[in-house]
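Fold and geometry: a report
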Amino acid sequence: MIPKDKQCILCGGEDISIKEKIKVYDLKYLYKRYFEINILDFSPEAWVGKFIPLQKCADCGLEFFPPNLAGTDALYAALAKKMSYYKDEKWEFSVAARRFASAQSVLEVGCGDGHFLELLKKTDGHKKLVGLEFNSQAIISARKKGFEIHSEMVEDFARKSESADSFDAVASFQVLEHVPRPRAFLESCLKCLKKGGLLVIAVPNDDGFIKFATNDILNVPPHHLSRWNRSVIEYIAKKYGLKLISFETEPVAEYHKKGYRMAVLKKYIARFLGLKLGIVEYPWTIRYIVVKLLSVVCDAVIPKKFWKYKKFAGHTFCAIFEKL
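Residues numbered from 1 in each chain as written. Predicted model: local features only at pLDDT ≥ 70, side-chain atom pairs only at ≥ 80, totals over all residues. Heavy atoms only, no water.

Before going further, it helps to spend a moment on the pairing of strand β11 (residues 316–323). The buried count for β11 comes to seven of eight residues, which makes it a mostly enclosed element. Here strand β8 (residues 193–204) pairs with β11 via seven bridges, running antiparallel. Among the inter-strand pairings, Leu 199 is bridged to a residue of β11, identified as Phe 321. (Buried < 20%, exposed > 50% of the residue type's maximum accessible area, 1.4 Å probe, protein only. Helix = DSSP H or I, 4+ residues; strand = E, 2+ residues; numbered from the N terminus. Pairing = 2+ DSSP bridges.)

Residues Arg 33, Lys 258, Lys 292 and Lys 304 make up a contiguous surface patch of positive charge. Assignment of secondary structure puts Lys 258 in helix α9 (residues 257–273). Take Lys 258: its relative accessible area is 55%, and that puts it in the exposed class. (Patch = residues over 30% accessible without salt bridge, like charges linked within 9 Å, V, L, I, M, F, W, Y side chains within 5 Å. Areas by Shrake-Rupley, 256 points an atom, 1.4 Å probe, with all protein chains shown as cover. Salt bridge = Lys/Arg side-chain N within 4 Å of Asp/Glu carboxyl O. Lys, Arg positive; Asp, Glu negative; His and termini not counted. Charge placed at Lys NZ, Arg CZ, Asp CG, Glu CD.)

A separate point is the sheet that holds strand β1 (residues 16–23). Taking strand neighbours across the sheet as the criterion, the four strands line up as β1-β2-β3-β9 in an open arrangement whose pairing is antiparallel. Of all strands in the sheet, those with a lone pairing partner are β1 and β9 (226–227), marking the two edges. Both strand β2 (residues 51–57) and strand β3 (residues 63–64) contribute to a ladder of two bridges, which runs antiparallel. Its bridge partner being in β3, Lys 56 is matched across the sheet by Glu 63. In the packing of helix α1 (residues 24–35) onto the sheet, the strands contacted are β1 and β2, and the crossing angle to β1 comes to about 55°. (Contact = heavy atoms within 4.5 Å. Axes fitted to C-alpha atoms, helices over the stretch in contact; angles between N-to-C directions.)

Turning next to the pattern of salt bridges. Here the structure, examined in full by the defined rule, presents 14 salt bridges. Between Lys 145 and Glu 118 there is a salt bridge; the shortest N-O distance is 3.6 Å. With a gap of 27 residues between them, Lys 145 in the loop between α5 (136–144) and β6 (148–150) and Glu 118 in helix α4 (residues 115–121) connect regions that are remote in the sequence. Assessed through its relative accessible area of 22%, Lys 145 is described here as partly exposed.

A few words now on helix α3 (residues 91–99). Taken residue by residue, α3 has Trp 91, Glu 92, Phe 93, Val 95, Ala 96 and Ala 97 as its buried positions. At its buried positions, α3 is contacted by α4, β7 (167–173), β8, β10 (242–249) and β11.

With that out of the way, let us pick up the sheet that holds β11. Within the open sheet, the seven strands sit side by side as β6-β5-β4-β7-β8-β11-β10. Their pairing is mixed. Single-partner strands in this sheet number two, and they are β6 and β10. Mean inter-strand twist for the sheet, computed between neighbouring axes without regard to direction, equals 15°. Contacts from α3 reach β7, β8, β10 and β11 within the one sheet, and its direction differs from that of β11 by about 20°. The strands touched by helix α8 (residues 230–239) within the sheet are β10 and β11, with β10 carrying the most contacts at an inclination of about 160°.

This is the structure in structure tokens:
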């Protein structure tokens, strides 16, 4: 029997290949450079060895890193000092809100400050709005807005008899890619849904431009553990007998346009030069410096009107399932 740490974190499949290896030193350097964080301070026992593997499951198609590399609460607290996790508006909020118009009860897993719940509250059609969240400051903020917030994992919440089959809709935005056990996460979300209820999952789109972005360190451990695309979503629908009623991809947001251009330019310049860039690169290698400098020059001289931002999808996709 193959140990669990050698199995797919989504389907339990055993046909796992290593797609790429990332040097721990390079990842450590970049987190320190961009966020002044030493990732070895958080779960140091997880960072044994020189490399961490990006693995791919042949059965469901999910790409994932070892689950023991998941970020700790202390890591997220440190990151929160350097960046904002909770935006008032997200593209996926409006996508989900349109579908939830007739839902009387909604559960949001990872509700943050309660911005999505607040959007739903404005419609006056929802009788029960519940959130799950761990960030203590976000919980305080969401409760001040009048929402019922529980500080617990969805797996624990779903075990309660009053939670099972009790919601018309369950939503999770930019959470699934962080969790070390996505199968248990999804099954718990589904357990909370009534028959005919809607499950909304929004995650970074690995079929979009971020697929070939280099040094997008928030898309690797210990921040993100998995990479999702439409084929994996279709696998989930088939596995759990769900109906995939909607799959929408985000247009390239204004604040992502520069990152889009640089990712595309690096991809094609590296290919033209016969170089291969990994998803994480030490920034002072000759190959990376050459590709980056040429990309910066090209971005400066190519008219911005040339870019139509349609060749590759934007950052996020939003999938909506119906529980049959």
